[in-house]
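Chain residues, written in single-letter form:
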Amino acid sequence: MLIVGIEPQAPGVHIFSGARIPRLGLPLLLTMAQEMGHRAEIYCEDITPIDWKKVRQAGIICISSITSTIPRAYDFINKIRTELRLTAPILIGGPHVTFLADEALDHGADYVFRHEADLSFPMWLEWWTGSRNPQELFAIPDLSFRVGNQNHHAVPNVPRQWVDLDTLPTPDLRLIIGYGKPNVIPLITSRGCPMDCDFCSEFAMFGRQYRFRSEQRVIDDLRYYDRIYGKTPMFIADDNLGANPSRLERLCDSIDVNGLVRELSGQVRLDLARRPQTLAKMSKAGVSRVFIGYESINQRSLDAMGKKLKSAEMHMLTKVFHKHRIAVHSMWVLGFDDDTIETVKETIRSCIRWGIETTQFLILVPIPGARLYRRFLDEKRIIVTDWSKYDGHHVTFQPKGMTASQLQVAVMLDAMPQAYNLWQTYKLLLQNNLRTAWGVVNRKTRHPIINLKGNRTTFFARLAGRMAIKKIRPQFTEYLKRIG
Ligand code: B12
C-alpha cells in the first residue's frame, strides 16, 4: 500500500527558511511502515510541492504539523474530502494536535496520534491492515478517533510507555521527495527534557525523563547517512544535546575515534559552558555552531519562566563557547510580563556587544501544551486565535509591560534589522578572524578547517537572515492594524 506523508509549509518566511530542514516525525514513522512492507513518499512543502496525483493513489494519508502550520493542514483535510473526494484514512500527529486532539477530529482528521507515535503508529497500521475492529482502537495508547458522532481518546498506559530510542530505525530521508543531496542533515539523538520552562511544551510532549540513543546507534546513523550522502554537515536537532554532559562527551569521543568528524551543530543550554572539557570534546568532534535559548536578559523574566539561568553570567558563558571556536546562534524570547521596551533594547545591545554570531528575536508564543497557554487563556489575554500567527513572529496576546503593537514593532521591525545590519556583520567577521589570528583560542582544541567553514557559514547565515528579515517586513503593516 502507498502511504503519503505531508508536512505543510511554514505560514511565512523565518530565519531558517533557506535551510531546508525537515522535521523527523514522518521520515521516521514511514521508514517503519516501509520496513513493514509498505511504500511511502513524503511531501515536505518547504522542500517540494505536494503531488496531488500521488495523494489520490494513497491508501493512507499522514499529515504532520506544528501550531503555525495547522490551519494549512486543516485546509488539506478539507481539500482531500470535499474537493478530491478521497476516502483514504487521514492520520495526523505533532505537538499541536497532541494537546488539541478534539480540534483536529472536528476538522475531519480520522485518527489523531498524541505525543510520540513510534509505538502507536505501527500498532494502528497492523490494525488497519488486519481486523479493523473499532473496539481494538481503545488499546492503542494516545490515539484519538471518532466512532459515530463521538470523539474518543484512548488513555495511555500509566505511567506512559516512552519508546526506547535504540529500537528505532534511522529515518530514511530518501522518502522525502525532492530532498536530493542536502546541505545539512537533521539527526535526533535524544528526547525528553528535565527542565520545566513555563512557555515550552517539550516535557509535556516527550516526557521529563531525558532518553537518548546509545553512542553506537548514533555512530551507525552517521555511517548510514555518509554512505548515502557522503560526509555531510549535521544538525543535531535534540532539544538539549547537553542534558547529560558525560553522555555528550562519550558521543563526541566516539565520533572522533571513528573518523566521523564533520561540521556539526546542535541545541544546548548556555550553562553547558560550565564544563569546558565538554566543549573541548564537542569542538574536536566538529561542533562548530550551537543554538542556545538565552530567552531573556531580564532576570525577573528568567526567574518567572523557570529558566534557571543568571543573566549576569551570560556574557562570561558565551565567551567559553567562543574560546572553543564554537559559534553561537542565540534565541531570545520577548514579551514576558516583566519585559518592557527597555528590556528589548538592552537585549539587542548585549547580543551585539557579546559578538554573538547569529541571533533570533522571537515574540513569546502561548503554544498549546505549555503552562503559559493555560494561564493566558484564564487571564483572557489571547487576542489572536489564528494559529498561523503562532510562529514567534507575531504578537498573539496582550503583553503587560507595553502594548501589543509596541512589542511587534520592537522585535520584528527594530531588533531583528539591527542585529543583522551590514556593519554588524562586517564587525563580527573581523572580530572572529582576529580571535583566530591572535590565538586567544585554546590551541589544543583548534580545528582550522572547521573554523574557516564556521566563519563562512556565519557569513552566509547572516546574509540569509538579512534577506529573511526584508521579506518578513511588509506583512507586519497589515498585522499591526489587526492587533491595534
Ligand atoms: C528541527 C526543528 C526545527 C527545524 C525544522 C522544522 C520544520 N521543517 O518544521 C527548524 C530549525 C527550521 C525549525 C523552525 C521552527 N520551529 Co522547530 N523544531 C525542531 C525540533 C527541534 C525537532 C523536530 C523533530 O524532528 N522532532 C523529532 C520528531 C521525531 O518528533 P515529531 O516531529 O514531533 O514527531 C513525533 C510525534 O510528534 C508524532 N508525529 C508527528 N507527526 C506525525 C504525523 C502522523 C501521521 C503521526 C501518526 C504521528 C506524528 O510521531 C513522531 C514520532 O514519535 C522541534 C522540537 C522537537 N523535539 O520536536 C522544534 C519545534 C517543532 N519547533 C517549533 C517552532 C515553534 C519552530 C518555529 C516556529 C520557531 C521559529 N519561529 O523559528 C520555526 C518554524 C518552522 C515551521 N515549519 O513553520 C516548536 C513547535 C511548537 C508548536 N506547538 O508549534 C517545537 C516543538 C519546539 C518547541 N520546543 O516548542 N524547527
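Each value, and the rule that gives it
- Within each chain, residues carry numbers counting from 1 in the order of the written sequence.
- Restriction of local features to residues with pLDDT of at least 70 applies here, the model being predicted, together with a cutoff of 80 or more for giving and counting side-chain atom pairs; totals for whole chains, interfaces and linings are based on all residues.
- To get the side-chain values, all heavy atoms of the structure are used, and hydrogens and water are removed first.
- Counting from the N terminus, the helices are the DSSP runs of H or I reaching at least four residues and the strands are the DSSP runs of E reaching at least two.
- Restricting the calculation to C-alpha atoms gives the radius of gyration, and the globule rule supplies 2.2 Å times the number of residues raised to the power 0.38.
- Buried, partly exposed and exposed residues are distinguished by accessible area as a fraction of the type maximum, computed with a 1.4 Å probe on protein chains only: under 20%, between the cut-offs, and over 50%, respectively.
- By definition, residues are in contact when any of their heavy atoms lie within 4.5 Å.
- For the accessible areas, the method is Shrake-Rupley and the probe is 1.4 Å, while residue cover comes only from the protein chains on display.
- Lys and Arg are tallied as positive, Asp and Glu as negative. Neither His nor the chain termini are counted.
- A charge is said to be at NZ when it belongs to Lys, at CZ for Arg, at CG for Asp and at CD for Glu.
- Between the first and last residue of a helix there are one fewer steps than residues, each counted as 1.5 Å, and that sum is the expected span.
- Fitting one axis to the seven residues ending at a residue and another to the seven starting there, the bend at that residue is the angle between the two axes.
- Pairs were defined over the aromatic rings of Phe, Tyr and Trp, the Trp ring being its six-membered one, requiring ring centres within 6.5 Å. Orientation was assigned from the angle between planes: stacked under 30 degrees, edge-to-face over 60, tilted for the rest.
- Salt bridges, as used here, are contacts in which a Lys or Arg side-chain nitrogen is within 4 Å of a carboxyl oxygen on Asp or Glu.
- Whenever two N or O atoms come within 3.5 Å, that pair is a polar contact, provided that in protein one can donate a hydrogen and the other can accept it, and provided that, for residues adjacent in sequence, both atoms are side-chain atoms.
- Residues form patches when they are more than 30% accessible in relative terms and have no salt bridge. Like charges link within 9 Å. Nonpolar side chains (Val, Leu, Ile, Met, Phe, Trp, Tyr) link within 5 Å.

Caption draft 1: Layout of the overall build of the chain. Within the chain one finds 18 helices and 15 strands. Rg of the C-alpha trace for the chain: 23 Å, near the compact-globule value of 23 Å for 484 residues, within the 12% margin. Taking the principal axes of its C-alpha atoms as reference, the chain extends roughly 70 × 55 × 40 Å. When each of the 484 residues of the chain is scored for burial, the buried share is 58%. Taking all contacts inside the chain whose residues are at least 6 apart in sequence as the whole, residues at least 24 apart take part in 75%. Surface exposure of the chain reaches about 20,500 Å², of which carbon and sulfur atoms provide 54%. Distance between charge centres in the chain, computed from 64 positive and 49 negative side chains, equals 7 Å.

Caption draft 2: Just the environment of Val-409, in detail. By secondary structure assignment, the location of Val-409 is in helix H15 (residues 404–419). In this structure the C-alpha to C-alpha distance between Val-409 and Val-395, which are 14 residues apart in sequence, comes to 9.7 Å. Not counting the four nearest positions on each side in its chain, Val-409 is found in contact with Asp-414 and Leu-480.

Caption draft 3: Local environment of H15. When the terminal C-alpha atoms of H15 are compared, their 21 Å separation across 16 residues agrees well with the 22 Å that a helix rising 1.5 Å per residue should span. Of all the bends in H15, the greatest, near 30°, is centred on Ala-410. Those residues of H15 lying buried are Ala-404, Ser-405, Leu-407, Gln-408, Ala-410, Val-411, Met-412, Leu-413, Ala-415, Met-416 and Ala-419.

Caption draft 4: Local environment of the packing of aromatic side chains. Following the criterion strictly, the structure yields 19 aromatic pairs and no others. Centre to centre, the rings of Phe-138 and Phe-145 are 5.1 Å apart; their planes meet at 75°, and the pair counts as edge-to-face. Look at Phe-138 and you get partly exposed, because its relative accessible area is 37%. Here the aromatic rings of Tyr-373 and Trp-387 are separated by 6.3 Å at their centres, their planes lie at 50°, and the arrangement is tilted. Placement of the pair is Tyr-373 in helix H14 (residues 371–378) and Trp-387 in the loop between H14 and H15, with a sequence separation of 14 residues. Residue class for Trp-387 comes out buried when judged on its relative accessible area of 13%. One aromatic cluster is present, built from ring pairs that chain together Tyr-111, Trp-124, Trp-127 and Trp-128.

Caption draft 5: Region of interest: the side chain of Asp-339. Considering the arrangement of structural elements, one finds Asp-339 in the loop between strand E14 (327–334) and helix H13 (341–353). The buried charged residue Asp-339 lacks any salt bridge partner; its closest oppositely charged side chain belongs to Arg-300, at an N-O distance of 8.4 Å. Of the polar contacts made by the side chain of Asp-339, one reaches the backbone nitrogen of Gly-335; its length is 3.0 Å.

Caption draft 6: Quick look at a nonpolar patch on the surface. A cluster of nonpolar side chains, namely Leu-422, Phe-459, Phe-460 and Leu-463, defines an oily patch on the protein surface of about 360 Å² accessible area. The element best represented in the nonpolar patch is helix H17 (residues 448–472), accounting for 3 residues. The residue Leu-463 is located in helix H17 in this model. Classification of Leu-463 as partly exposed rests on a relative accessible area of 31%.

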